[in-house]
Amino acid sequence: MAATSTDKLEAGTVSSYDRKSEIKAFDDSKTGVQGLVENGVTKVPLMFYSENSNLNDGVTGASYSKISIPIIDLTGIHDDPILRDHVVGKVRYACEKWGFFQVINHGIPTHVLDEMIKGTCRFHQQDAKVRKEYYTREVSRKVAYLSNYTLFEDPSADWRDTLAFSLAPHPPEAEEFPAVCRDIVNEYSKKIMALAYALFELLSEALGLNRFYLKEMDCAEGQLLLCHYYPACPEPELTMGNTKHSDGNTITILLQDQIGGLQVLHDSQWIDVPPMHGALVVNIGDIMQLMTNDKFISVQHRVLAKDQGPRISVASFFRTGISRVFGPIKELLSEEHPPVYRDISLKDYMAHRYTSGSGTSALLHFKL
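Model, not experiment: these values are computed from the prediction.

Observations concerning the overall build of the protein chain
Helix and strand counts for the protein chain stand at 10 helices and 14 strands. Compactness check: the protein chain gives a C-alpha radius of gyration of 21 Å against a globular reference of 21 Å for 368 residues, within 12% of the reference. Projecting the C-alpha coordinates of the protein chain onto the three principal axes gives extents of approximately 60 × 45 × 40 Å. For the protein chain, the proportion of its 368 residues judged to be buried stands at 51%. Long-range pairs, those at least 24 residues apart, make up 78% of the contacts in the protein chain with a sequence separation of at least 6. Put simply, the protein chain shows about 16,700 Å² of open surface, and 52% of that area lies on carbon and sulfur atoms. The averaged location of the 47 negative side-chain charges in the protein chain is 2 Å from the averaged location of its 37 positive side-chain charges.

If you want it as structure tokens, here you go:
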């Protein structure tokens, strides 16, 4: 049996362990988890030990091993009304029962997806001196390289580095983009935005609304592109690639490579989301759950650390403007379905986003 993080902590010199100093030294290095790997780390540092890494609910039972999130083929949705209605029905089911689905034949060429993975890899694997130039925790920076957004607040760090681009509504200047991935980030982000608009139309129809309802509510006003890099972990049983959480946006469109590790919580069981070359994963965020008055669900998901890698994923987060006030969509309310939440802004939501604790939805703060 593998040693748990608690076992290792008890066996170590806990009394002399200075977590704050370890975190500061790690952050000051400005080279992330990849920097640890480049320096030949063979043991996971204590700051990464996660009590969530050995939870029994992380074991996918045999009865769930063949269950997978819905796969939706978008072929012909712009040309065939009958086919489109069929797809809308699948989207409705996926958003109500799973909060997750994969899309195929979505219109983005496979070579663009592959190059986006390669571009992310090029950035994270380039010389540490070059990466350091982009390392920052300044929220105002539109291009930022860092490891763990809430590194200094979380009980444990995730085994993951991120290159982030704030692309909409005000994109970075051309010279702010790293040269090794500038072209592909621009190409990919434009294509993913077009797909997002198409998905918001399908979501609107799945809710019984006008096709352009969610788009006109500026659900895609903000676009944040997170290029995640998960180096191979020497002791994957002790830490997490990404601790369980739900997304604080309207929808997320995720591109993942072939390593795997993403899991979705469904019926109290963790279900693997197996990589499909050419497919994209779509999931509902907390803001969409609030707007749909719990009709669409935002569910917990996580990424397991692995001893193989690197694993690469690119998450496109779409959200409303920071000050825009929104609440449950009026057309979805009735005497039988009264509002579950009060009206809030994204700023209100973000104030509670990181104070709810792992596995606890920030939406609880806004229930009526």
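Some words on the packing of aromatic side chains
One pair of aromatic rings is described through two measures. These are the centre distance and the angle between the planes. Taken as a whole and judged by the stated rule, the model has 7 aromatic pairs. When the centroid spacing of 5.0 Å and the interplanar angle of 70° are considered together, the rings of Phe48 and Trp159 count as edge-to-face. One end of the pair, Phe48, is in the loop between helix H3 (32-38) and strand S1 (71-73); the other, Trp159, is in the loop between strand S3 (143-146) and strand S4 (161-168), and 111 residues separate them in sequence. Overall, Phe48 belongs to the buried group, its relative accessible area being 0%. The class for Trp159 is buried, based on a relative accessible area of 1%. Measuring from ring centre to ring centre gives 5.5 Å for Phe165 and Phe177, while their planes differ by 15°; the resulting arrangement is stacked. Taken as a pair, Phe165 in strand S4 and Phe177 in the loop between S4 and helix H7 (182-206) lie far apart in primary sequence, 12 residues in all. You'll find Phe165 and Phe177 in the same group, each marked buried. Over the aromatic face of Tyr197 sits the side chain of Lys215, whose NZ or CZ is 4.5 Å from the ring centroid.

Some remarks on the sheet that holds strand S2 (residues 100-104)
The sheet built from 8 strands is open, its strands ordered S1-S2-S10-S7-S12-S5-S4-S3 with mixed pairing. Looking at strand neighbours, the two that pair on one side only are S1 and S3, the edges of this open sheet. Across the sheet, the mean angle from the axis of one strand to that of its neighbour is 20°, orientation sign disregarded. With 4 bridges joining them, S2 and strand S10 (residues 280-284) adopt antiparallel strand pairing.

With respect to empty space enclosed by the protein
With the rule as written, the count across this model stands at 1 cavity of 30 Å³ or more. Volume-wise, the largest cavity comes out at about 50 Å³. Looking at the lining of the largest cavity residue by residue, the class counts come to 6 nonpolar, 3 polar and 2 charged.

A closer look at the nonpolar core
Core analysis: the biggest nonpolar cluster contains 74 residues, and Phe165, Tyr188, Leu199, Phe200, Leu203, Leu214 and Leu280 have the highest contact counts within it. Beyond its immediate stretch of four places on either side in the chain, Leu214 contacts Phe200, Leu203, Ser204, Leu207, Cys219, Met288, Met291 and Ile329.

Here's the deal with the pattern of salt bridges
Two side chains bearing opposite charge may form a pair once their charged atoms approach each other closely. Under the definition given, this model contains 12 salt bridges. Here Lys295 ties to Glu96 by a salt bridge, and the two come within 2.9 Å at their closest N and O atoms. Placement of Lys295 in the loop between helix H9 (286-291) and strand S11 (301-304) and of Glu96 in helix H4 (residues 81-97) is noted, with a sequence separation of 199 residues between them. Given a relative accessible area of 33%, Lys295 falls into the partly exposed group. What emerges from the salt-bridge pattern is a single network uniting Arg84, Glu201, Glu205 and Arg211.

Points about the side chain of Thr31
Residue position: Thr31 is located in the loop between helix H2 (19-29) and H3. Judged by relative accessible area, which is 8%, Thr31 ranks as buried. Filtering out sequence-adjacent residues up to four positions away, Thr31 remains in contact with Ala128, Arg131, Lys132, Tyr135, Tyr145 and Asp161.

Some points on the UniProt feature "domain: Fe2OG dioxygenase" (unreviewed entry) in the protein chain
The positions that UniProt labels "domain: Fe2OG dioxygenase" (unreviewed entry) are, in the present scheme, residues 219-320. Counted over residues 219-320, helix gives 6% and strand 47%. Its end C-alpha atoms are 5 Å apart.

Reading the values: the criteria
- All residue numbers refer to positions counted from 1 along the written sequence of the respective chain.
- It should be noted that, the model being predicted, local features are given only for residues of pLDDT at least 70 and side-chain atom pairs only at 80 or more, the latter also being counted only at that level, while totals for whole chains, interfaces and linings use all residues.
- With hydrogens and water stripped out, all remaining heavy atoms of the structure feed into the side-chain values.
- In DSSP terms, a helix is any run of H or I states spanning at least four residues, a strand is any run of E spanning at least two, and both are numbered starting from the N terminus.
- We take the radius of gyration over the C-alpha atoms and set the globule estimate at 2.2 Å times the residue count to the 0.38 power.
- Buried means the residue's accessible area, taken with a 1.4 Å probe over protein chains only, is under 20% of the maximum for its type, while exposed means over 50%, and partly exposed covers the values in between.
- For this analysis, residues touch if any pair of their heavy atoms sits within 4.5 Å.
- Shrake-Rupley sampling with a 1.4 Å probe provides the accessible areas, and residues are treated as covered by the protein chains on show and by no other component.
- Charge assignment in this entry is limited to Lys and Arg as positive and Asp and Glu as negative, and neither His nor the chain termini are counted.
- Just so you know, the charge point we use is NZ for Lys, CZ for Arg, CG for Asp and CD for Glu.
- When the centres of two rings from Phe, Tyr and Trp lie within 6.5 Å, Trp using its six-membered ring, the rings pair. Their planes under 30 degrees apart give stacked, over 60 give edge-to-face, and anything left gives tilted.
- Any Lys NZ or Arg CZ that is within 6 Å of a ring centre and within 35 degrees of that ring's normal is treated as a charge sitting over the ring.
- Note on pairing: two strands pair once DSSP finds at least 2 bridges between them.
- To obtain an axis, a line is fitted to C-alpha atoms, over the contacting stretch when the element is a helix, and the angle between two such axes runs from 0 to 180 degrees between their N-to-C directions.
- The definitions used throughout rest on a 1 Å grid laid over the protein atoms alone, on which a cavity is an enclosed set of points accommodating a 1.4 Å probe that cannot get out and a pocket is an open set flanked by protein within 12 Å on both sides along at least five of seven lines; lining residues are those having an atom within 4 Å of a point.
- Grid points are joined across faces, edges and corners, and a volume is the space filled by probe spheres set on the points.
- Side-chain classes follow a simple rule in which Ala, Val, Leu, Ile, Met, Phe, Trp, Tyr, Cys and Pro form the nonpolar group, Asp, Glu, Lys and Arg form the charged group, and the remainder, Gly included, forms the polar group.
- We define the nonpolar core as a collection of buried residues of types Ala, Val, Leu, Ile, Met, Phe, Trp, Tyr and Cys that are connected through side-chain atoms lying within 4.5 Å of one another.
- Each reported salt bridge corresponds to a side-chain nitrogen of Lys or Arg within 4 Å of a carboxyl oxygen of Asp or Glu.
- UniProt positions are given in the numbering used here, feature names are shortened, and annotations may be inferred rather than shown by experiment.

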